[in-house]
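Descriptive analysis of the structure
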Amino acid sequence: MTTTTLTHRARRPDARVSEKRAEEEDSKGERPYEDDDDDDKGDSKNMRLTLMEEVLLLGLKDKEGYTSFWNDCISSGLRGGIMIELALKGRIQLEPATLRKKKLTERKVILKSDSPTGDVLLDETIKHIKATDPPETVQSWIELLTGETWNPLKLHYQLRNVRERLAKSLVEKGILTTEKQNFLLFDMTTHPVTNTTEKQRLIKKIQESVLDRWVNDPHRMDKRTLALLILTHSSDVLENAFSSLPDERYGVAINRVRDLTELNPDIEATKPNAVEMIWAVLATFNKY
């Protein structure tokens, strides 16, 4: 896998100064970010997207309806999203830490509940985890679900056509549409964005989480928002949320995300209210 990076613009002399100023303003009246979408009205407020759908939506080119051909990180990022979703829904967890297995990347994933979630990709993954003995680590599961294994006996764990299945779900929710595009040698199904309001809501949520509603403590942040920042960064699509920002705010956002993803996951996972799976996924991506 390719290591993801956030791109700096050409002019960035005052980014750290701007960040310090912003943090001083935040300290005067910090408030935790809550994923309640207070500013959204109508259907958008009631539309609950999975982490995988949000990552894909952010990565899609609005008019073209496909992700960048050069992005080889999004496939593993989507599988990481599946692991976090299952943990947040109480279906899986990491085995308890021991003297021999202290690190998040060494601990195995165990099934807490096999009750259906109603999401095809999540339920398919639950069946794989349930049928696997001995258990696998988070890294192993991301690789197996992506199909990156040298063991032919484990190829059946691969989740196929994940992007297409997520896109169809977004079509059903009225956010994307389906078209056919000709690329000289082949035809490809694409999914342009039709509900730009929903995508802008997603972009606004990400921007606010690291700017106006930044709390400078990941454990005070809404858990889904924290997971979304880590997943979009690891999938190399986070830049799409920041590209419209003015230079000064862009620099603050970039530096805050970098500081967040450079935290030690093994330490953060031991703090109160931490969701171990979120940090385990970050630890996994940090290894590549």
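In case you missed it, the structure is sitting above this.
What you see is a predicted model; the values in this text were computed from it and never measured. (Residues numbered from 1 in each chain as written. Predicted model: local features only at pLDDT ≥ 70, side-chain atom pairs only at ≥ 80, totals over all residues. Heavy atoms only, no water.)

Comments concerning helix α5 (residues 120-130)
If you check which residues of α5 are buried, you get Leu121, Leu122, Asp123, Thr125, Ile126, His128 and Ile129. Residues of α5 that are buried make contact with α3 (51-59), α4 (74-88), β1 (92-94), β2 (109-111), α6 (138-146) and α7 (162-172). Structurally, the start of α5 carries an N-cap: the backbone nitrogen of leucine 121 is 3.0 Å from a side-chain oxygen of aspartate 119. (Buried < 20%, exposed > 50% of the residue type's maximum accessible area, 1.4 Å probe, protein only. Helix = DSSP H or I, 4+ residues; strand = E, 2+ residues; numbered from the N terminus. Contact = heavy atoms within 4.5 Å. Polar contact = N/O pair within 3.5 Å; in protein donor to acceptor, adjacent residues only side chain to side chain.)

Looking at unusual backbone geometry
Residue proline 134 is bonded to the preceding aspartate 133 through a cis peptide linkage, with omega at 5°. Residue placement: proline 134 occurs in the loop between α5 and α6. Residues other than glycine seldom take positive phi values, yet asparagine 273 does so here, at roughly 70°. Looking at where asparagine 273 falls in the secondary structure, it is placed in the loop between α12 (265-268) and α13 (276-286).

Some remarks on the pairing of strand β4 (residues 187-190)
Burial along β4 is one-sided: Met188 and Thr190 are buried, while Asp187 and Thr189, pointing the other way, are not. Bridge analysis of strand β3 (residues 179-182) against β4 gives 4 bridges, and the strand direction is antiparallel. Bridging from a neighbouring strand, lysine 180 pairs with threonine 189 of β4. (Pairing = 2+ DSSP bridges.)

Focus: the side chain of arginine 91
As for its position among the elements, arginine 91 is in the loop between α4 and β1. One buried charged residue, arginine 91, remains without a salt bridge, the closest side chain of opposite sign being aspartate 123 at 6.1 Å. Within polar-contact distance, the side chain of arginine 91 engages the backbone oxygen of lysine 89 at 2.5 Å. A distance of 3.1 Å separates a polar side-chain atom of arginine 91 from the backbone oxygen of proline 116. Ignoring anything within four residues of it in the chain, the contact list for arginine 91 reads Leu86, Ile110, Leu111, Lys112, Ser113, Ser115, Pro116, Thr117 and Ile126. (Lys, Arg positive; Asp, Glu negative; His and termini not counted. Salt bridge = Lys/Arg side-chain N within 4 Å of Asp/Glu carboxyl O.)

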